[in-house]
Amino acid sequence: MWIDTHCHLDAGEFSADRVAVVARARQAGVGQIVLPAVDVGNFETVRTLAHEHGYCYALGIHPLAVGGAAEDDLERLREALGDHHADPRLVAVGEIGLDRFVPGLDTERLERFCTTQLQMARDFGLPVILHSRRAVDELAKLLRRIEVPGGIAHAFNGSRQQADVFLERGCKLGFGGAMTFDRALRIRALAQDLPLDAIVLETDAPDIPPHWLYRTADERAAGQIARNEPAELPRIAQTLAELRGLSVAALEAAVEANSRAALPKLP
Ligand SMILES: [Zn+2]
């Protein structure tokens, strides 16, 4: 079965047709989806959606949500992790991390939120789902200091050397729609050359549409939308199978095993 290790199924983009999106995912062979939270405001939503559809969820405060978070939101996260720790569908702490790409974020606060959440993951024995943009080295440094039980570096876009640092920390690397673009040379080279057991698949839906859903700025201005969804995962995987010269079935079995290794509570 295919596992989408990162999908924001609770996003507003899916409000009108979420049930159909889930049905299409099932039909496409995507049997499991991990729903990462982004702030305390959607903890209950991802938990409820996961239970409703037989999926899994993660709880955490996304780096881009740290600016709008209250100081005691970290405490509320710790309480939520405590309350739901025994829930078999709570598989990770996430989405957490660092973002040095978006301008104007409070660097010190981002790092503090990330550090505290890594400590929570360690304390609760949960893997992490990591977001890092222009911050791979910084995040790797935090991971050396705080030993979490592995997890996934989502939408990985670093060098091979940086990839190795995450792998040494017990993390898998998440690949998705970005590698379907011919011009994504670095991501494609990584997807091709990394050890197969380093890779998990994700859509990050509704974001990171694969090339066949991509809309240019002009098309978007004309009202055409590019919405990614979990049913696209097998076709995204096809790209990876071609890059690696593997059969789709062999790839499916390998990435399923990798996903389970990264997130051991996956049912
Ligand atoms: Zn995400």
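Data block above holds the structure.
Residues numbered from 1 in each chain as written. Predicted model: local features only at pLDDT ≥ 70, side-chain atom pairs only at ≥ 80, totals over all residues. Heavy atoms only, no water.

## Some thoughts on the coordination of the zinc ion
Bound to the zinc ion are the protein donor atoms H6 (NE2), H8 (NE2) and E95 (OE), situated 2.1 Å from the metal. Written as a sequence motif, the donor residues of the zinc ion are H-x1-H-x86-E. Given a relative accessible area of 1%, H6 falls into the buried group. You can call H8 buried: its relative accessible area is 10%. (Donors = N, O, S within 2.8 Å, 3.2 Å for Na, K, Ca; no water. Buried < 20%, exposed > 50% of the residue type's maximum accessible area, 1.4 Å probe, protein only.)

## Focus: the packing of aromatic side chains
A full pass over the atoms with the stated rule returns 2 aromatic pairs. Each ring, one from F156 and one from F166, has its centre 5.8 Å from the other, and the planes form 75°; the classification is edge-to-face. Linking F156 in the loop between β6 (151-154) and α6 (160-168) with F166 in helix α6, this pair joins segments that are 10 residues apart in sequence. The pair formed by F156 and F166 is uniform in burial state, with each residue classed as buried. A centroid spacing of 5.6 Å and a plane angle of 85° characterise the contact between F181 and Y214, whose relative ring orientation is edge-to-face. A residue pair is termed long-range when its members are at least 10 positions apart, and F181 in the loop between β7 (171-175) and α7 (185-193) and Y214 in the loop between β8 (199-201) and α8 (217-221) qualify at 33 residues. Cation over ring: R235 sits above W212, and NZ or CZ is 3.9 Å from the ring centre. (Phe/Tyr/Trp six-rings, centres within 6.5 Å; stacked < 30°, edge-to-face > 60°. Helix = DSSP H or I, 4+ residues; strand = E, 2+ residues; numbered from the N terminus. Lys NZ or Arg CZ within 6 Å of the ring centre and 35° of its normal.)

## A few points about unusual backbone geometry
Looking along the chain, the bond that leaves G94 and enters E95 is cis, with omega of 10°. The peptide bond linking A205 to P206 adopts the cis configuration, its omega dihedral lying at 10°. Mapped onto the secondary structure, P206 falls in the loop between β8 and α8. Phi is positive for R134, close to 55°, though the residue is something other than glycine. Residue placement: R134 occurs in the loop between β5 (128-133) and α5 (136-145).

## What about the nonpolar core?
The biggest cluster of nonpolar side chains holds 77 residues, and the ones touching the most others in it are L59, L81, L118, L130, F166 and F175. Ranked by residue count, the leading element in this core is helix α4 (residues 107-124), at 7 residues. Discounting residues that sit within four places of it in the chain, F166 has contacts with L130, V136, L139, L143, A153, F156, C171 and L173. Residues C56, A58, A262 and L263 belong to the second largest nonpolar core, which totals 12 residues. (Core = buried A, V, L, I, M, F, W, Y, C linked by side-chain atoms within 4.5 Å. Contact = heavy atoms within 4.5 Å.)

## Focus: the environment of R109
Locating R109 in the fold gives a position in helix α4. A sequence separation of 46 residues divides R109 from P63, and the C-alpha atoms of the two residues are 9.5 Å apart. When sequence neighbours within four positions are dropped, the list of residues in contact with R109 reads V66, G67, A69, A70 and E71. In this structure the side chain of R109 is engaged in a polar contact, spanning 3.1 Å, whose partner is the side chain of E71. (Polar contact = N/O pair within 3.5 Å; in protein donor to acceptor, adjacent residues only side chain to side chain.)

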